[in-house]
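# Fold and geometry: a report
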Amino acid sequence: MKKTISVVALDPRAGSFYADEIQALFGKYVSVRMYSVRDGSAMGHLERADLFVVSTDAFDTTDEVQQHIPADCQVMGIEVSYRWSTIQKLREIPKGTRALFVNMTLKMAREGITQLEHLGVNHLELIAYYPGAELAENVDLAVTPDEERYVPKGIRQVIKLPHRSCTSGMMIEIALRLGFEELLETREFQAYFLSMATNDYSFGHMLERSTRVESRFDILMEILDEGLIGINEKGEIFACNEKAREITRVSPSLIAGRRGEEVFPYIPFRKCLETRTVQQAQVINVGGTNVNLTVIPVMRQSECIGAFATLQRFNDVEKRQNELRSQLFHKGHRAKYTFDDIVGQSAGICRTKEILKRMALTESPVLLIGETGTGKELFAHAVHSASKRSDGPFVAINVAAMPENLLESELFGYEEGAFTGAKKGGRPGLFEFAHTGTLFLDEVEGMSQAMQIKLLRVLQEREIMRVGGNQIIHVDVRIIAATNESLEKKVEEGSFRRDLYYRINTLPALIPPLRERGNDIFLLLERFAGETQRKFSLSPQVKQILAGYSWPGNIRELHNVAEYFSYTGQEVIRPEDLPPTFLRGREMAGLNRHGATRREAERSAAWKPERGGVGGGGSHDGSYTAGPAGDGGGWPGPEAERGDTGGWPGPGPEAMNRGEQKARSMEFWFVLEQLCRAAREGRLIGRESILAAAREAVFPLSQKEVRGLLEEMEREGLAKIGRGRGGSRVTPAGMELWKKRQITR
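Residues numbered from 1 in each chain as written. Predicted model: local features only at pLDDT ≥ 70, side-chain atom pairs only at ≥ 80, totals over all residues. Heavy atoms only, no water.

## Observations regarding the confidence of the model for the chain
- Residues with a pLDDT of 70 or more make up 82% of the chain, whose mean pLDDT is 80.
- With pLDDT under 50 throughout, residues 201-215 is counted as low confidence; its partners more than four residues away or in other chains account for 21 contacts. (pLDDT = per-residue confidence, 0-100. Contact = heavy atoms within 4.5 Å.)

Below, the structure written as structure tokens:
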């Protein structure tokens, strides 16, 4: 049956040349079409074909190929080389001659020169030239593969070479893909192979042997990645490729004409011939190396005329898988930081770095413990970079940010059809992405009990199974976990499995909070200021305030403060230049604008509390404005303590009398307000939307806090948390509480 081949190239002339060569060699067996990117014929969705042959310069990315070529069609690349006649022509040029090698692009020119040198044309000084390139001096000769149009003016002599032809290997692959193996032994193919220049001994040796060996499969043996041994119906060896000899360590002189079981007693050739059945894959030990062995009978009608044994070393299989994984999964999964990127000279941070450097050299799991914003992921990057796995991938995921069903498919991957919306062909999981590298699990305490069991099995067995699959996949992954909560308490409460805790807690490391790092605050501030490329200095008062602040947001909060300072326009930062949200955080820590505690300020006659929000003015929607210096230091007045908030975000006595039996935080009211607003607009709202609203209102709120507040509201019957991506909603009781708060305010 006639097959269709579509040739896709950048340039129409080159595309036509390749198409003509393929048509001439395969003749009546194929119909060849040609598409070009430059003339626009390769754009859009191309018509189906049995095989697409695409030049390397036609499309920039794999995604572009998928846009134009039907997904279920075979695709292979165009490989080109010179004919012996071209090489001989170039060898006639005097040694040491300088010449331009002219082609369409720099890449193509360099590729052509490299290939000529590889084929033995080393006596010429070839200079890459392409449209737009600078012309070298003292050059009178140009060599070009049928691209005279790009030869610069002033060149006295031009040697025109024919286009590089499709390689023998490419023609063989086309024949194999389309089922035309019998054509490989025809005179036309043999003549084509001999006309193509090559310095690859194994390929030339394969062609030479193919003329002496009866079996048509022998022509392919030397290009296989597996060892292949063939016997005839008498059990005599008639074929054994180089890979098989390398694996079995048997010399060619011991093979020819001998029986298979004599040379390879560990291969069940006799059993295969007698039973006429496939001897399924098994692991054997050959010379101290584990080898995967399969024996397959060759049947002609009902007669068994021989058998083939395939051998593949386990190490070769894994190496090949790793190479393919690195190609498929090249998505930037690399560690970005080292221990040198961690700023700090305090005793606590130096001790943590030294401990983690020693831990990095092991293969055991590491548990990073620290408050939110302390830089746990930065340390995870550094541990990976200092480990033996530094050349492998580094993959990070926040397990608390995903619903259970989505987290499972992200970690373990899924097979095609595993669930509605599953990607065709399935998708590997992050454990496969992280193979031979490190997987960082942030906020591991947020993982469900079911997922904890699955993670424990992976850590114990180093095996995974994709969602909807039935194949066990071996993975070699080091785990670094991080938590900002007490896992011991979680274990006691029963929300975190004890066995998993002891598995990931092999090497625990405590990341000190910023408030315990002393002058590291100012080193970090200097680093962050350098990132913004704006200079400022701190007044003594501000230094005292920053040094005494509790930093609940840790380094993340310090980074925000540094960025705020850089845009104040002040060369010297004074207390009145502090950000409003920072002032509110200081109030929670018990400090006024000038660094004094609230009790100290109340005793001071110079401090006069006034009504109003943080920094002098406040509003119920979470926005604040800074008042003038001396306006009371940003503290709410005594009325707020009595319950009369006067703009301070908190419930008054009337609200307490109307059923609000407990004090509520500002964060509580902010989250409840977002739920009520969403309800009025007739929609559900998720944690990410609440966090986005908090950022817009310059209201410091973490995902952990939002999750905790929503759970608190659900326990009190004020809100209903949706599972998955459904979002959360306020209940009538929650709406009533919010309305009462508005009345009291």
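Right, picking up where we left off after that structure.
## What about the sheet that holds strand β2 (residues 30-36)?
- If you trace the four strands from one edge of the open sheet to the other, you get β2-β1-β3-β4, paired in parallel fashion. The open sheet terminates on both sides in strands that have one partner only, identified here as β2 and β4 (74-77). Mean inter-strand twist for the sheet, computed between neighbouring axes without regard to direction, equals 20°.
- The strands touched by helix α1 (residues 12-26) are β1 (3-9) and β2; relative to β2, the strand with the most contacts, the crossing angle is about 175°.
- Sitting on the sheet, helix α5 (residues 168-178) touches β1, β2, β3 (51-54) and β4, and the angle it makes with β4 is about 170°. (Pairing = 2+ DSSP bridges. Helix = DSSP H or I, 4+ residues; strand = E, 2+ residues; numbered from the N terminus. Axes fitted to C-alpha atoms, helices over the stretch in contact; angles between N-to-C directions.)

## Observations regarding the packing of helix α28 (residues 687-696) against helix α29 (residues 703-715)
- Following both chains from N to C, one finds α28 and α29 inclined at 120°, their axes separated by 10 Å at the closest point. Taken together, the axes of α28 and α29 lie oblique to each other. In the packing of α28 onto α29, the handedness of the crossing is right-handed. In this structure, α28 uses Arg687, Glu688, Ile690 and Leu691 to contact α29, whose residues at the interface are Gln703, Val706, Arg707 and Leu710. (Parallel < 35°, antiparallel > 145°, perpendicular 65-115°, else oblique. Left-handed = near helix turned anticlockwise from the far one by under 90°.)

## Comments concerning the pattern of salt bridges
- One pass over the structure, following the stated rule, counts 29 salt bridges.
- The closest approach of N and O atoms between Lys357 and Glu354, which form a salt bridge, is 3.9 Å. Of this pair, Lys357 and Glu354 both sit in helix α13 (residues 347-360), separated by three residues, roughly a single helical turn.
- Given a relative accessible area of 33%, Lys357 falls into the partly exposed group.
- Given the relative accessible area of 40%, Glu354 is considered partly exposed.
- As a salt-bridge pair, Arg462 and Asp476 come within 3.4 Å of each other at their nearest N and O atoms. (Salt bridge = Lys/Arg side-chain N within 4 Å of Asp/Glu carboxyl O. Buried < 20%, exposed > 50% of the residue type's maximum accessible area, 1.4 Å probe, protein only.)

## Quick notes on α29
- With 13 residues, α29 should reach 18 Å at 1.5 Å per residue; the first-to-last C-alpha distance of 18 Å fits that figure.
- Within the span of α29, buried status applies to Gln703, Val706, Arg707, Leu709, Leu710, Glu712 and Met713.
- Turning to α29, the residues buried within the fold contact α27 (666-680), α28, β27 (719-721) and β28 (728-730).
- Two residues or fewer past α29, Gly717 is found with a positive phi of approximately 75°. (Expected span 1.5 Å × (residues − 1).)

## A look at the packing of aromatic side chains
- Counting across every chain of the model gives 14 aromatic pairs.
- Centre to centre, the rings of Phe394 and Phe440 are 6.4 Å apart; their planes meet at 20°, and the pair counts as stacked. Of this pair, Phe394 sits in strand β17 (residues 394-398) while Phe440 sits in strand β18 (residues 437-442), and the two are 46 residues apart along the sequence. An identical accessibility class is assigned to Phe394 and Phe440; each is buried.
- A centroid spacing of 6.3 Å and a plane angle of 45° characterise the contact between Trp669 and Trp738, whose relative ring orientation is tilted. Highlighted residues: Trp669 in helix α27 and Trp738 in helix α30 (residues 732-744), separated in sequence by 69 residues. (Phe/Tyr/Trp six-rings, centres within 6.5 Å; stacked < 30°, edge-to-face > 60°.)

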